[in-house]
Amino acid sequence: MNLGLRKVAFNISTKFNVTVRNFSHIHLNKCHPQLKHCLRTSTSARNDQCMKIHTSCQRLAKQQSDSEQKTLVIRGTYFESIKDKNRKTFQDAIKIFKNRGRRGYVEFIYAAMAHMEEFGVQRDLETYKQLMDVFPKGVLIPRGPWEVEFMHYPKQQYCAIDLLDDMEMNGVMPDRDMKDIILAAFGNKSFPIRKFMRMMYWMPKFKNLSPWPIPFPLPEAPIELAKIAMRRISSVDLETELNVFQTKDLEDSIDDTWIVSVQSPAQKELVADCKENIPVYVEGVFLVCLKYRMINYFILRADAKPAPTFITKEELDDVSDIPVFWGTEEPKPASLCVIPSIHEQDDGTILAMCATGTSSRDSVLSWIRFLQNENPRLAKIPILFKLRAPSTDLVIKEDEDDESKPKWKPAVNQGPELIM
């Protein structure tokens, strides 16, 4: 091979990323016509002509990059083009992708995770298992300790870890089927299986840690959510009674809604002890959280009672008569005082609580009228309404990211209103 051909081959390999492995097999007669012309011209002319050479591998790489960009755009807009966004259509999209081939499955999983909340499947375990099943089986399993520690196929493993992170953030606890899917895809020494083991250690502990367990998934009916919230708040008194009223049973009621009221016998006794010249207050709205939902509720409150004072006749500084206690004498009785109930707090006495379907003033007024039937003393006591009524007639605060559902707006302060 002559010196000129070696120089041209070197220029081609360095500038255009074309590798010439064996110079002895390159013959001038077998070269490309443009390459022949480059060899027969001057050095400057050869460099200009060699810029026009494009190998098949470069064309193939460009076609692959273009096709990958197109597939990413198609997978990103595929979930947006679905009109009926529910659990069934989301799982059908996963099945269609599996049947067509699993090329670009990482991008597909990330696109599916971004649209799970729109389809309402962000807390569905079966959907997460189907997404995890998209990973190919056996290919991603590390074959040795080096592949294990250096994270064999890191892009795929990070994708599986992100999927498990979404499950953890949404409170979805995996099961044994999820473990079998991860083992079939990544093996028992991979990072996703380590993440799975940590989840299975901590999530059952936190799941059963709360003394007020909440059903999962939460019921969709607002009245059922209100019952759960009121039982949770009033659980400090085991004798608390829960009643459900309908405002249509009252003649002068404007709103047609429901009222969930809680009151214990001890609170009824506190209402009976209230003085007629001291008003009680209806305050709200307050919020109680039930996982990802928020419920509005109101309270009926009286002023706090003064703290009991213990009066003793003997002076503690008098040392003239020091009693000698040898175990036979009985201690002197101390001053007696009535122990305050759990409803008598430092900032006020809680007389009753409720949650209504509209959280409006008329519904709260209807609640007071229902309470007057069970507490006749309440009809003689002035009641002062100090409400921060919400600007919408909803009892549930939905997620802010969900545009398809109505949202709860911040409360607006309203002036007190005296009802005699």
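Keep in mind it's a predicted model, so treat the numbers as computed, not measured. (Residues numbered from 1 in each chain as written. Predicted model: local features only at pLDDT ≥ 70, side-chain atom pairs only at ≥ 80, totals over all residues. Heavy atoms only, no water.)

J.: Requested: an account of the overall build of the protein, with residues and values cited.
T.: Within the protein, the secondary structure is distributed over 15 helices and 9 strands. For the protein, the residues scored as buried account for 36% of the 420 residues in total. The contacts of the protein with a sequence gap of at least 6 include a subset with a gap of at least 24, amounting to 70%. Summed over its atoms, the accessible surface of the protein is roughly 26,500 Å², and 55% of this surface lies on carbon and sulfur atoms. (Helix = DSSP H or I, 4+ residues; strand = E, 2+ residues; numbered from the N terminus. Buried < 20%, exposed > 50% of the residue type's maximum accessible area, 1.4 Å probe, protein only. Contact = heavy atoms within 4.5 Å. Areas by Shrake-Rupley, 256 points an atom, 1.4 Å probe, with all protein chains shown as cover.)

J.: Which residues make up the packing of aromatic side chains, and what are the values?
T.: By the definition in use, this model includes 9 aromatic pairs. Their ring planes at 20 degrees and their centres at 5.8 Å tell us that Trp146 and Phe150 sit as a pair that is stacked. Seen in terms of ring centroids, Tyr201 and Trp202 are 5.0 Å apart; in terms of plane orientation they differ by 90 degrees. Their pairing is edge-to-face. Its relative accessible area of 48% is what places Tyr201 among the partly exposed residues. Members of the aromatic cluster, each reached through a chain of ring pairs, are Tyr105, Phe135 and Phe186. (Phe/Tyr/Trp six-rings, centres within 6.5 Å; stacked < 30°, edge-to-face > 60°.)

J.: If you had to explain the pairing of strand β6 (residues 348-356) to someone new, which residues and values would you point to?
T.: For a regular strand, side chains alternate in direction, first toward one face of the sheet and then toward the other. Counting buried positions along β6 yields 9 of 9 residues, so the element is predominantly enclosed. Judged from the 4 bridges that link them, strand β2 (residues 258-263) and β6 form a sheet pairing that is antiparallel. Note on β6: the bridge partner recorded for Ser261 is Cys354. Taking the residues between adjacent antiparallel strands as the criterion, strand β5 (residues 344-345) and β6 are bridged by 2 residues. (Pairing = 2+ DSSP bridges.)

J.: Just give me the short version of the nonpolar core, but keep the residues and values in it.
T.: Phe79, Phe90, Met132, Phe135 and Ile182 are the most contacted members of the largest nonpolar core, which totals 37 residues. Among the elements of the structure, α5 (87-100), α6 (105-114), α7 (116-119), α8 (125-132), α10 (154-169), α11 (176-186) and α12 (191-207) are those that each provide at least two residues to this core. Sort the elements by how many residues they give to this core and α6 lands first, with 7 residues. Leave out the neighbours within four places in its chain, and Ile182 touches Met132, Leu164, Gly187, Pro192, Ile193 and Phe196. In this structure, Val271, Ala352, Val364 and Ile368 belong to the second largest nonpolar core, which totals 25 residues. (Core = buried A, V, L, I, M, F, W, Y, C linked by side-chain atoms within 4.5 Å.)

J.: I'd like a description of a nonpolar patch on the surface, backed by residues and values.
T.: Where nonpolar side chains cluster on the molecular surface, the patch consists of Tyr201, Trp202, Phe206 and Leu209 and spans about 510 Å² of accessible area. You can see Trp202 is positioned in helix α12. (Patch = residues over 30% accessible without salt bridge, like charges linked within 9 Å, V, L, I, M, F, W, Y side chains within 5 Å. Salt bridge = Lys/Arg side-chain N within 4 Å of Asp/Glu carboxyl O.)

J.: I'd like a rundown of the pattern of salt bridges, residues and numbers included.
T.: Opposite charge on two side chains permits pairing when their charged atoms draw close. Per the counting criterion, the structure on display carries 19 salt bridges. Of the charged contacts in the structure, one is a salt bridge between Arg87 and Asp124, with a shortest N-O distance of 2.8 Å. Separated by 37 residues along the polypeptide, Arg87 in helix α5 and Asp124 in the loop between α7 and α8 bring together distant segments of the chain. For Asp124, a relative accessible area of 16% translates into the label buried. Residue Asp175 pairs with Lys129 through a salt bridge whose shortest N-O separation is 3.2 Å. Taken as a pair, Asp175 in the loop between α10 and α11 and Lys129 in helix α8 lie far apart in primary sequence, 46 residues in all. For Asp175, a relative accessible area of 23% puts it in the partly exposed group. One salt-bridge network, held together by shared partners, links Glu126, Lys129, Asp175 and Asp177.

J.: Outline the packing of α5 against α8, supporting the account with residue identities and numerical values.
T.: Describing two packed helices takes the angle between their axes plus the distance from one axis to the other. Across the interface, α5 lies against α8 with an axial gap of 10 Å and an inter-helix angle of 15 degrees. Overall, the two elements α5 and α8 adopt an arrangement that is roughly parallel. Of the two possible hands of crossing, α5 and α8 adopt the one that is left-handed. For the pair formed by α5 and α8, the contact residues are Arg87, Phe90, Gln91, Ile94 and Lys98 on the first element and Glu126, Thr127, Gln130 and Leu131 on the second. Its residues assigned to classes, the contact of α5 with α8 shows 3 nonpolar, 3 polar and 3 charged. (Axes fitted to C-alpha atoms, helices over the stretch in contact; angles between N-to-C directions. Parallel < 35°, antiparallel > 145°, perpendicular 65-115°, else oblique. Left-handed = near helix turned anticlockwise from the far one by under 90°. Nonpolar A, V, L, I, M, F, W, Y, C, P; charged D, E, K, R; others polar.)

J.: Could you give an account of unusual backbone geometry, with specific residues and numbers?
T.: A cis amide bond links Gly284 to the next residue, Val285, at an omega of 0 degrees. Within the secondary structure, Val285 is located in strand β3 (residues 280-290). Positive phi, close to 60 degrees, is recorded for Met151, a residue that is not glycine. Tracing the backbone shows Met151 in the loop between α9 (145-149) and α10. Given the relative accessible area of 11%, Met151 is considered buried. One non-glycine residue, Lys291, adopts positive backbone phi at about 60 degrees. A residue is classified by how much of its surface remains accessible, and Lys291, at 45% relative accessible area, is partly exposed.

Everything listed here is a matter of geometry and, on its own, says nothing about what the molecule does.
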